[in-house]
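So you can see what is in the structure, the chains are spelled out below.
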Amino acid sequence: GLNQPQIQPGKTFVYEFVARRPGTFMYHPHADEMTQMAMGMMGMWITHPKGRHPLINDVDRDYCFLLNAFDVEPGSMTPKINTMLDFNIWSFNSRVFPGISPLVARLGERVRMRVGNLTMTNHPVHVHGIEFEVTGTDGGPVPKTARWPEVTTDIAVGQMRQIEFLADEPGDWAVHCHKSHHTMGAMGHDVPTMIGVDHRGLVQKIQKLVPDYMVMGERGMADMGEMEMELPVNTFPMMTGAGPYGAVEMGGMFTTLKVRADQKPGDYTDPGWYTLPAGTQAYEYQGAPLQPAPSAAQPAMPGMPGHGHNHPPAQVRKPMGHGNHH
Ligand SMILES: [Cu+2]
């Protein structure tokens, strides 16, 4: 009701405007906003410059991501509309890994990514393999003297960051939000931590009472993903996806950037997995088992009398007692 009457169900309103400035913009309703946003009512608008613009470079590829989030109870179909922060589905253009296409580029091409955030929290978006520059924001192109290099750029609520890079490293590079629970599906929420807990035999005993009972693995959550538990309808696993060397164990805001020397200009098809040149991949250590060095053997710190003389190994304990953190 501030600038126009609300658009009632079944009605159509017409918006006419002159696209005065080139840039990347987002739109969404302000009527019954939490409901409309929680249900995914949002989009992006790009105005390209007419002719050359002094602050807008020519690029070979121009990608656009809208970051969005939903809270859908596993097994249900309708997003919860009163969730304020604890969403459980984090997506790029409403897609989650592995149900998302890779970004592709030919070696040596200039690539632009425009990333807008209409979720209720910030997203530090990280690209592996390259360094980029922030060349534009929601307010327009950044003056050339004010651009800065990054590998992770934080995109606050309502902001847009336009980044550009030279695709100068061939490979399959991860592109993801750096909040690790944002690269995870809904099933990862509210799972108890069982790291270090020896629960051998316990599961079988509980399964006599609750046949489909499962616990979080004592080595972490990936064990659980690999168990291929039966999922409720309309629910994706908490971490999934297969790569050329096994489980990728991702979900949510994750995809890949595939840079290839033989990708044709303008070709956006997935080139498949990258073949790593010999000698460039991590390999298993085959030598003698490594022992932690005893602290008594460490040389004394200069100017610190008493250190390094028959002291027992240091006992380190993490700070405890801060309950109720979320
Ligand atoms: Cu995020």
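The preceding data block contains the structure.
Residue positions are given per chain, counting from 1 as you read along its sequence in written order. In view of the model being predicted, local features appear only for residues whose pLDDT reaches at least 70, and side-chain atom pairs are presented and counted only at 80 or more, with totals across whole chains, interfaces and linings using the full set of residues. Heavy atoms throughout the structure, all of them, feed into the side-chain values; hydrogens and water do not.

(A) Inspection of unusual backbone geometry at higher detail. Cis rather than trans, the peptide bond between F97 and P98 has omega equal to 5 degrees. Strands are runs of DSSP state E lasting at least two residues, helices are runs of H or I lasting at least four, and both sets are numbered from the N terminus onward. Relative to the helices and strands, P98 resides in the loop between β4 (89-92) and β5 (103-106). One non-glycine residue, D32, adopts positive backbone phi at about 45 degrees. Among the structural elements, D32 can be located in the loop between β1 (23-27) and α1 (33-38).

(B) Seen up close, the packing of aromatic side chains. The criterion for an aromatic pair is that two Phe, Tyr or Trp rings (for Trp, the six-membered ring) have centres within 6.5 Å, with stacked assigned to planes under 30 degrees apart, edge-to-face to planes over 60 apart and tilted to the rest. According to the stated counting rule, one finds 5 aromatic pairs in the structure shown. Between F17 and W45, the ring centres sit 5.2 Å apart and the planes meet at 55 degrees, which makes this aromatic pair tilted. In this pair, F17 is assigned in the segment before β1 and W45 in strand β2 (residues 43-47), connecting sequence segments 28 residues apart. By relative accessible area, W45 is classed as partly exposed at 39%. Remark: exposure states derive from per-residue accessible area (1.4 Å probe, protein chains only) relative to the maximum for the residue type, with buried under 20%, exposed over 50%, and partly exposed in between.

(C) Here's a closer look at the coordination of the copper ion. For the copper ion, the full set of protein donor atoms is H123 (ND1), C177 (SG) and H182 (ND1), at a range of 1.9 to 2.1 Å. The sequence motif formed by the donor residues of the copper ion is H-x53-C-x4-H. Remark: C177 occurs in strand β13 (residues 171-177) and H123 occurs in strand β7 (residues 123-127); sequence separation between them is 54 residues. For the residue pair H123 and C177, the accessibility class agrees, reading buried in each case. Note that water is not among the atoms used; donors are N, O and S atoms within 2.8 Å of the metal (3.2 Å for Na, K and Ca), so sites may look incomplete.

(D) Representation of the side chain of T47 in the model. Note on placement: T47 falls in strand β2. Looking at T47, its side chain comes within polar contact range of the side chain of W45, at 2.7 Å. We call two residues contacting when some pair of their heavy atoms lies within 4.5 Å. Residues contacting T47, with those up to four places away along its chain left out, are A19, R21, P22, G23 and F25. Pairing of N or O atoms within 3.5 Å defines a polar contact, subject to two protein rules: one partner must be a possible hydrogen donor and the other a possible acceptor, and residues neighboring in sequence count only if both atoms are side-chain atoms.

(E) Quick look at the pairing of strand β14 (residues 240-243). Side chains G241 and G243 project from β14 onto a buried face, and the interleaved T240 and A242 project onto a face without burial. The sheet contact formed by β14 and strand β15 (residues 246-250) spans 3 bridges and is antiparallel. Following the sheet pairing, G243 is matched in β15 by G246. Linking two consecutive strands that pair antiparallel, namely β14 and β15, is a turn of 2 residues. When DSSP finds two or more bridges between a pair of strands, those strands are recorded as paired.

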